[in-house]
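Spelled out, the chains give:
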Amino acid sequence: MTIEAGLDDLNSLMKRRREELDELLAKGINPYPYNFERTHFSQDIISSYKDDQPKQNVAIAGRIVSVRKMGKTLFSHILDSKGKIQIYLKKDEIGDSFDDYHLLDIGDIIGAEGYLFKTKTGEVSIHLTKYTLLSKSLRPLPVVKEKIDEAGNKIIFDPFSDKELRYRQRYVDLVVNPKVKETFLKRTQIVTALREYLDSKNCIEVETPILQPLYGGASARPFSTHHNTLDVKLYLRIADELYLKRLIVGGFDAVYEISKDFRNEGMDRHHNPEFTMLEVYVAYKDYIWMMEFVEEMLRFILNKVNNSNKVTISGTEINFAPNWKRISMFESIKEFTGIGIQNLSLDEIQKVAKKLNIDIVPPMSRGGIIDEIFSQKVQPHLIQPTFITDYPIELSPLAKKHRTENGLTERFEGFINGQELCNAFSELNDPLDQRARFEDQKKLRLQGDVEAHQIDEDYLRALEYGMPPTAGLGIGIDRLVMLLTGAESIRDVIFFPQMKSEE
RNA sequence: GAGCGUGUAGCUCAGUGGUAGAGCAUUUGCCUUUUAAGCAAAGGGUCGAUGGUUCGAUACCAUCCACGCUCACCA
């Protein structure tokens, strides 16, 4: 079915709407006029209505979502950005335009003017004096019928629920499933609160390249593209990290960027190829300071968005109040497996992994096995907000060596509900150490690790000029939104998630 | 990438080896405060696509496409 289909190819519902369009045109009615002066929104009218108020005229605009015709009178619901309100038409009063209303359909957008009243059943409604067609809809909209039961619960009958259609035609999903709009409004509130917090801490919002000649800042496979004029290969960024730290070198004290990153990897309910990331870098601070910063930031967001420190996810109450549990990666493994592995050799750790029934694909580094043990034995237990600290150096090529613990870095990740929420470290600012770490990554790459970091000479040059001690943070915004909205899939917090071609 | 499942009217779904059904939506008629409005009637389908088995396939088989769930990969 294509949009350009001729009339013969249209189904009967669409044909009918084209015929109505022709009838409207024949009557001299413009089905697509240019503007409408509205004075009110549906929900505002309903919530402020008082039974003894004087006659009040209003003009609203929105989409027809139901029509109940009863002889010479008619009720219809109009959906606008804030909700629904009922309008009431009487043939005695509006004459021909009463009859013309039947050239309209569910889905058409109209402007409605009239005065307020309450029906016998107590619904605040608009007694219509005039309506104006603002946009004729040529496709049938799924009809959503609902009622409020005795307990006050809203029952929706046969909701528009096909996930494929909902994601592909999000515009329809948004019209007929009010919860979807709520989720995305909350997403915006969360991001607004984030900015508000960061701005208040004198962090400067900046923009860095999406198209990069080298990709870096994370372990991931990139998307690549080609610039015709320069005739060079470019990558879509997998992280902003290395560019933001160049700005710290340049003298900014604190910068942040809320960006789309792109990773050429599998898709599931936690991964979309393009996703939104917050990265923050603050000079002269370390990862200990950053833990408090994260706690305060999330408290701020929770209070702005949920008016509470707490959120309930699938029946579990999660408390975001500061002073999250802090435990080192090795301590956490000891806590949940009873085995201390910090000082064990690769061979010994392999034996432990085997004993714990951890699958290891042979060419796996010591750090890789430790990470695997952690993911399987510890991470699922981290329900309340927890900082896991001090990761092995081979897992963290951009993090600074731990000030006291050999072989570890000053890094932490925040976990909530068994999911990673953020990743942060005292940034590695020793240019010689950074070069050595890049060289190690290069070896991994030569061994076939497609996700190993590339050597970025310009970044090393920047570090050689000198970068102050710096704390850095990354937070996956989509996952944060999932957490705070109770969404089970990342697709429910991204307007237009990646889908395969419709062909 | 693997396993399981799904794909039938605009939407939500039944169903059968003899080319289809319901509710809502649509159309027509009746109905001047209804609200999942009601009553009566009617129209509407390439049964995801392509092959195969069969006298005959929407159903059985194969392949493909899309989607969902789980796992793997991956932050």
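Bear in mind that the values here come from a model prediction, so they are computed numbers and not experimental data.

J.: Looking at this model, I keep getting lost on the sheet that holds strand β20 (residues 470–476). Mind explaining?
T.: Reading across the sheet, the eight strands line up as β8-β12-β13-β20-β19-β18-β17-β16 and stay open at both edges, with mixed pairing between neighbours. Both edges of this open sheet fall to β8 (204–205) and β16 (325–328), since each of them pairs with a single strand only. Pairing geometry for strand β13 (residues 274–283) and β20, over seven bridges, is antiparallel. By the bridge assignment, tyrosine 281 is partnered in β20 with glycine 472. Each of β8, β12 (254–262) and β13 touches helix α7 (residues 178–200); the most contacted strand, β12, lies at about 150° to it. Contacts from helix α15 (residues 477–485) reach β13, β18 (411–416), β19 (419–426) and β20, with the element oriented near 60° to β20.

J.: Please explain the protein's contact with RNA strand B as it appears in this structure.
T.: The full set close to RNA strand B counts 56 residues, and Thr121, Ser219, Glu265, His271 and Glu420 are the nearest of them. Among the atoms of RNA strand B close to the protein, meaning within 4 Å, 59% are from sugar or phosphate groups. Between histidine 271 and RNA strand B, the recorded distance is 2.2 Å, taken from a side-chain N or O atom to a base oxygen. Taking glutamate 420, its side chain carries an N or O atom lying 2.2 Å from a base nitrogen of RNA strand B. When residues of the surface near RNA strand B are traced back to their parent elements, those giving at least two are α1 (12–26), β1 (57–70), β2 (73–80), β3 (83–90), β6 (145–148) and α5 (163–168). Top contributing element to the surface near RNA strand B by residue count: α5, with five residues. Looking at the surface near RNA strand B residue by residue, the class counts come to 15 nonpolar, 14 polar and 27 charged.

J.: Quick question: what am I supposed to make of helix α14 (residues 457–465) here?
T.: Side chains three or four residues apart in an α-helix point the same way, a direct result of the helix having 3.6 residues per turn. Of all the positions in α14, only Tyr459, Leu460, Ala462 and Leu463 are classed as buried. Buried positions in α14, seen along its axis, are confined to an arc of 155° and lie on one side of it. For α14, the elements touching its buried residues are α8 (241–249) and α13 (431–446). A side-chain oxygen of the first residue of α14 lies 3.2 Å from the backbone nitrogen of aspartate 458; this N-cap is aspartate 456. Of the residues flanking the end of α14, it is glycine 466, one or two places downstream, whose phi is positive at about 110°.

J.: What am I meant to see in empty space enclosed by the protein here?
T.: A probe matching the size of a water molecule, rolled over the atoms, marks out where space remains unfilled. Counting across every chain of the model gives one cavity of 30 Å³ or more. Of the pockets and cavities examined, the largest cavity occupies roughly 40 Å³. Looking at the lining of the largest cavity, the element that brings in the most residues is α8, giving three residues.

J.: Could you clarify how one ought to interpret unusual backbone geometry in this entry?
T.: Note: most residues except glycine have negative phi, and most peptide bonds are trans. For asparagine 202, which is not glycine, the phi torsion reads 65° and is therefore positive. Tracing the chain through its elements places asparagine 202 in the loop between α7 and β8. With a phi angle near 50°, aspartate 231 is a residue other than glycine that sits in the positive phi range. By the secondary structure assignment, aspartate 231 is in the loop between β10 (224–227) and β11 (232–236). What makes aspartate 231 exposed here is its relative accessible area of 55%.

J.: What is the right way to look at the pattern of salt bridges in this model?
T.: When their charged atoms lie close together, side chains carrying opposite charge are able to pair. According to the stated counting rule, one finds 39 salt bridges in the structure shown. Notably, a salt bridge pairs glutamate 257 with arginine 237, separated by 3.2 Å at the nearest N-O pair. In this pair, glutamate 257 sits in strand β12 while arginine 237 sits in the loop between β11 and α8, placing the two residues 20 residues apart along the sequence. Glutamate 257 sits in the buried class, given a relative accessible area of 3%. You can call arginine 237 buried: its relative accessible area is 3%. Within this structure, Arg16, Glu19, Glu20, Glu23, Asp105, Asp108 and Lys136 form a network of salt bridges that share partners.

J.: Sorry, what's going on with the environment of aspartate 44 here?
T.: Following the sequence through the fold, aspartate 44 ends up in helix α2 (residues 42–48). Judged by relative accessible area, aspartate 44 falls into the partly exposed class, the value being 33%. The spacing of aspartate 44 and lysine 82 is 38 residues in sequence and 8.0 Å in space, taken between C-alpha atoms.

J.: Explain the packing of helix α10 (residues 329–337) against helix α12 (residues 366–377) to me, please; I cannot follow it from the model alone.
T.: Each packed pair of helices is defined by two parameters, the angle between the axes and the distance between the axes. As a packed pair, α10 and α12 sit with axes 10 Å apart at the nearest point and diverge in direction by 50°. Between α10 and α12, the interaxial angle falls into the category oblique. Between α10 and α12 lies a crossing whose hand is left-handed. Across the interface between the two elements, Met329, Phe330, Ser332, Ile333, Phe336 and Thr337 from α10 touch Ile370, Asp371, Ile373, Phe374 and Lys377 from α12. Residues that form the contact of α10 with α12 fall into these classes: seven nonpolar, two polar and two charged.

Calculation notes
- Residues numbered from 1 in each chain as written.
- Chains lettered and ligands numbered in written order.
- Predicted model: local features only at pLDDT ≥ 70, side-chain atom pairs only at ≥ 80, totals over all residues.
- Heavy atoms only, no water.
- Pairing = 2+ DSSP bridges.
- Helix = DSSP H or I, 4+ residues; strand = E, 2+ residues; numbered from the N terminus.
- Contact = heavy atoms within 4.5 Å.
- Axes fitted to C-alpha atoms, helices over the stretch in contact; angles between N-to-C directions.
- Near = heavy atom within 4 Å.
- Polar contact = N/O pair within 3.5 Å; in protein donor to acceptor, adjacent residues only side chain to side chain.
- Nonpolar A, V, L, I, M, F, W, Y, C, P; charged D, E, K, R; others polar.
- Buried < 20%, exposed > 50% of the residue type's maximum accessible area, 1.4 Å probe, protein only.
- Arc of directions from axis to C-beta.
- 1 Å grid on protein atoms, 1.4 Å probe; cavity = no way out; pocket = protein on both sides within 12 Å on 5 of 7 lines; lining within 4 Å.
- Points joined across faces, edges and corners; volume = space filled by probe spheres on them.
- Salt bridge = Lys/Arg side-chain N within 4 Å of Asp/Glu carboxyl O.
- Parallel < 35°, antiparallel > 145°, perpendicular 65-115°, else oblique.
- Left-handed = near helix turned anticlockwise from the far one by under 90°.

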